[in-house]
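Structural overview
Here's the letter readout for the chains.
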Amino acid sequence: MAQLAYWEAIRRAHDEEMAKDPMVIAMGEDIGVAGGTYKATSGLYDKYGADRVIDTPISENSYTGIGIGASMVGMRPIIEIMSINFALLALDTIVNAAAKIRYMSGGRVQCPVVIRTPGGTAHQLAAQHSARLARMFMSTSGLRVVTPRGPIDAYGMLKSAVRCNDPVIIIEHERMYNIKEEMPDTEFFRPLEGAEVVRKGDDITLIGYNYSVYLCLEAAKRLEKDGVSAEVVDLRSLKPIDRETIRRSIEKTHRVVIAEEDEAPVGVGAEIITGIIEDCFFALDAQPVRIHAADVPVPYNARLEKAAIPDVEDVYQGALKVLGKI
Amino acid sequence: MSNADKKRLLREMIFFRRFEDRTFEAYMERKIGGFLHLYSGQEAVATGVLEMARVGIGTKGDYVITGYRDHVHAMKAGAPPREVMAELYGKETGSSRGRGGSMHIFDPTANFMGGYALVGQPFPLAAGLALGVKHKKTDQIAICFLGDGANNQGTFHETMNMASVWDLPVLFVCENNLYAIGTHIDRSTAVRDQYKRMCAYNIEASQHDGMDLDIVMKAAKTAVDYVRNERKPYFIEFMTYRFRGHSMSDAKGYRTKEEEIEWEKRDPINVYKARLIKDGIITAADVKTMQDEIQHEIENDIIKFAEQSPEPDVADLNKFVLDDNPDPRWIGPLNK
């Protein structure tokens, strides 16, 4: 066992998969010689060379498209897009090509490509570096969208994504790269599908994904002091969504808060709550609450930024509301 | 080239023209839906370039990719015409199992990696095919056919830059038919000669008459050999003309009848046919026989196959979205 940071876990997954399979390559801006903006590919250039750890020009749509093209002939590219804001430039090749090629070829051509990109607000990065966009990718047929919350999933899900035959979008978060976890030294995999109950509880279910899982866990600690037992569910995968795990939790707790960093309306929470209503409406004892970002471009000013995105207090207050305590 | 090969090439071009004309008829009968973009007039380009490449030998051959005017490229690359027609009819036996249609013909068994509707999207995909080839160290190349209209997309510039920097074995074939849908190149593009744009990317480039099969083949051989031997990109431009509109809904109001007549005088099939007759390789009677055989083949084999093939089962609607047989070790789910 060793303590590994999120970025180190990603690097380890790259390293192991590249060592095992010569068809695995890494591509992205500054990932090679410079080691990657978040160090997630540091050292790999020296180990695997410029042909397998490819520094790209600042051309998101086309280097992503080149990775997709390479995946069509058996390569297993792991593409890093430095910020999910920049992934918007690559939407054509991701949404119109990668997501649709298997279908529109009648299953005859596949695109086993992995696209890693951090979304979310960090430290006053302002509107053009703070997008979330999970909701955009999870609305696209033909993609898998996953949101590893910690090093264990960051490592195990990246390894699974490389081996999976579908295009996988891995949404990371700027504020998670230095989060640490104890990890086994031996190789393991974490499946791409399935939500995870990360804290057991009986009175209320708090649902999060990506960074908002931590907001839910902190809110659960505060609720515990109030004598409330909160269960926390990490969605892990936004496409497909594990509705079964959500249903089982709500049939136990009868109350739910969904915390997302995406903006509402038309967010992850809307989809989760719709699923709950369809699957277990009569198990609910109170109306669900969604905690989400304000419907504004993310502001630069620190106070405004804080006000625009959900925090632990917001999730805690949301829980109190569902519990009928406010 | 043997006389038999010359006759075969003439037959192929006549076949492609008749195939496209027949899809037009089927479209008018509403047997084919969606958008339909026909290649008539440009046959010498796909026929000539791919004749000089390695096609029709399955997955060891060169990779071919193009836009939505893709029927002829697919067939010359090796996709069975029956399956291409069945695809246009939306049948389960089609190249893409009826899921793609006219604009999305795929045949990976022939290394034909698709037709795409987003203008300019195949540029990076083609470079990606070439990246795969480079990585596997085979002597295959990737060939990307697109029109002049695609060259004003960002992907054109981005991809040329990367193809050059990374020495990717990809041949870009620009079929300059002078119109981006219905806008003349002089009204949309700063330079008419597209090959000149390659100086910005340090890519070898040349421009040729695309209406004369012999000229196309000679130029294509040089280009294909360059990419195959030097392992670098090449951009080859052919000046050509589509005889029909951009798609079925196009009334061609943006160009003059005089211009069309001028280009029709250079019909690549007539040019090549006249040369073979003049050289004593074929007679006018032979051509008539050839046309009758083609007509018979298309009606009694290809159209019949498309008509009689089953449609996809609605129960299979959700097939092919993701891998239908995923490995549970990677997919899970976590809680099972």
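Residues numbered from 1 in each chain as written. Chains lettered and ligands numbered in written order. Predicted model: local features only at pLDDT ≥ 70, side-chain atom pairs only at ≥ 80, totals over all residues.

1. Observations concerning the confidence of the model for chain B
Rules: Here pLDDT means the predictor's own confidence in every residue, given as a number from 0 to 100.
Looking at chain B, the pLDDT average stands at 97 and 100% of residues meet or exceed 70. At the level of chain-chain contacts, confidence expressed as ipTM amounts to 0.97, with global pTM at 0.97.

2. A word on unusual backbone geometry
Here is the rule: A run of H or I in DSSP becomes a helix once it reaches four residues, and a run of E becomes a strand once it reaches two; helices and strands are each numbered from the N terminus. In this scheme the burial state of a residue depends on its C-beta neighbours within 10 Å: 20 or more other such atoms mean buried, 12 or fewer mean exposed, and anything in between means partly exposed; the C-beta positions come from the backbone.
Put simply, K239(A) and P240(A) share a cis peptide bond, and its omega is 0°. Residue position: P240(A) is located in the loop between strand 12 (237-239) and helix 9 (243-253). For the bond from G332(B) to P333(B), the omega torsion is 5°, close enough to zero to count as cis. Within the chain, R97(B) stands out as a residue other than glycine whose phi angle is a positive 60°. Mapped onto the fold, R97(B) is located in the loop between helix 4 (81-88) and strand 2 (112-115). For R97(B), a count of 24 C-beta atoms within 10 Å gives the class buried. Backbone geometry at F320(B) places phi at a positive 75°, although glycine is not the residue there. Given 23 C-beta atoms within 10 Å, F320(B) falls into the buried group.

3. Things to note about the interface of chain B and chain A
Applied cut-off: For the purpose of contact definition, each residue receives a C-beta atom placed from its backbone, and two residues are in contact when these atoms lie within 7 Å. Under this grouping Gly is polar, as are all residues other than the nonpolar Ala, Val, Leu, Ile, Met, Phe, Trp, Tyr, Cys and Pro and the charged Asp, Glu, Lys and Arg.
Taken together, the contact pairs 41 residues of chain B with 46 residues of chain A. If you list the elements that add at least two residues to the side of chain B that touches chain A, you get strand 2, helix 5 (122-136), helix 6 (154-165) and helix 12 (328-331) of chain B. The leading source of residues in the side of chain B that touches chain A is helix 5 of chain B, at 10 residues. Classifying every residue of the side of chain B that touches chain A gives 21 nonpolar, 14 polar and six charged.

4. Let's talk about helix 3 (residues 60-71) of chain A
Residue and element names in this part refer to chain A. Put simply, the rule reads: A helix is expected to span 1.5 Å multiplied by its residue count minus one.
Its 12 residues place the ends of helix 3 16 Å apart at the C-alpha level, agreeing with the 16 Å of an ideal helix rising 1.5 Å per residue. Buried residues dominate helix 3, accounting for 12 of its 12 residues. Among all positions of helix 3, only E60, N61, S62, Y63, T64, G65, I66, G67, I68, G69, A70 and S71 are buried.

5. Here we look at helix 5 (residues 91-104) of chain A
For helix 5 of chain A, a buried count of 11 out of 14 residues is recorded, marking the element as mostly surrounded by other parts of the structure. D92(A), T93(A), I94(A), A97(A), A98(A), A99(A), K100(A), I101(A), R102(A), Y103(A) and M104(A) are the residues of helix 5 of chain A that are buried. Buried-residue contacts for helix 5 of chain A involve helix 3 and strand 5 (114-119) of chain A together with strand 2 and helix 5 of chain B. Within two residues after helix 5 of chain A, G106(A) carries a phi angle of roughly 65°, on the positive side.

6. Topic: the sheet that holds strand 11 (residues 230-234) of chain A
Residues and elements named next belong to chain A. Our working rule: Paired strands are those between which DSSP finds at least two bridges. Interaxial angles span 0 to 180 degrees and are taken between N-to-C directions of axes, which are lines fitted to C-alpha atoms, for helices over the stretch in contact.
Pairing in this open sheet of five strands is mixed, and the strands run 9-11-10-13-14 from one edge to the other. The outermost strands of the open sheet, each flanked by one partner alone, are strand 9 (196-199) and strand 14 (289-293). Here the strands of the sheet are splayed against their neighbours by 25° on average, with no regard to which way each runs. Taken together, the three bridges between strand 10 (residues 204-208) and strand 13 (residues 256-263) define a ladder with parallel strand orientation. Across the sheet, residue I207 finds its bridge partner in strand 13, namely I258.

7. Quick word on the domain arrangement of chain A
Residue and element names in this part refer to chain A. Let me state the cut-off plainly: Boundaries between domains were set according to an automatic or database domain assignment.
Taken as a whole, chain A is organised into domain 1 (2-183) and domain 2 (196-322). Put simply, the middle of domain 1 and the middle of domain 2, counted by C-alpha atoms, are 26 Å apart. With 21 residues of domain 1 at the interface, the matching set in domain 2 holds 21 residues. Of all the secondary-structure elements, those providing two or more residues to the side of domain 1 that touches domain 2 are helix 6 (134-137), strand 6 (144-146) and strand 7 (168-173). Sorting elements by how many residues they give to the side of domain 1 that touches domain 2 places strand 6 first, with three residues.

8. Remarks on the pairing of strand 4 (residues 76-80) of chain A
Looking along a regular strand, one sees side chains alternate from face to face of the sheet. Residue and element names in this part refer to chain A. Burial of strand 4 is extensive: five of the five residues sit out of reach of the surface. Burial along strand 4 is two-sided: the residues R76, I78 and E80 and P77 and I79 are all buried. Where strand 2 (residues 24-28) and strand 4 come together, five bridges link them in parallel fashion. Pairing of M27 across the sheet is with I79, part of strand 4. Pairing of strand 4 with strand 5 involves three bridges; the strand directions are parallel. Looking at the pairing, E80 lines up with R116 of strand 5.

9. Details of the pairing of strand 13 of chain A
Residue and element names in this part refer to chain A. Worth spelling out the cut-off: A crossover gets the label right-handed when its path from the first strand over the helix to the second runs clockwise, viewed with the strands pointing away from the viewer.
Among the eight residues that make up strand 13, eight are buried, leaving the element largely enclosed by the rest of the structure. In the sheet, strand 13 pairs with strand 14 via four bridges, with the strands oriented parallel. By the bridge assignment, V257 is partnered in strand 14 with V289. Where the polypeptide runs from strand 13 across helix 10 (residues 268-280) and back to strand 14, its parallel neighbour, the crossover connection is right-handed.

10. A few points about the environment of R82(B)
Residues and elements named next belong to chain B. The topology assignment puts R82 in helix 4. A count of 20 C-beta atoms within 10 Å places R82 in the buried class. In this structure the C-alpha to C-alpha distance between R82 and A26, which are 56 residues apart in sequence, comes to 14 Å. Those residues in contact with R82 that sit more than four places away from it in its chain are D301, I302 and F305.

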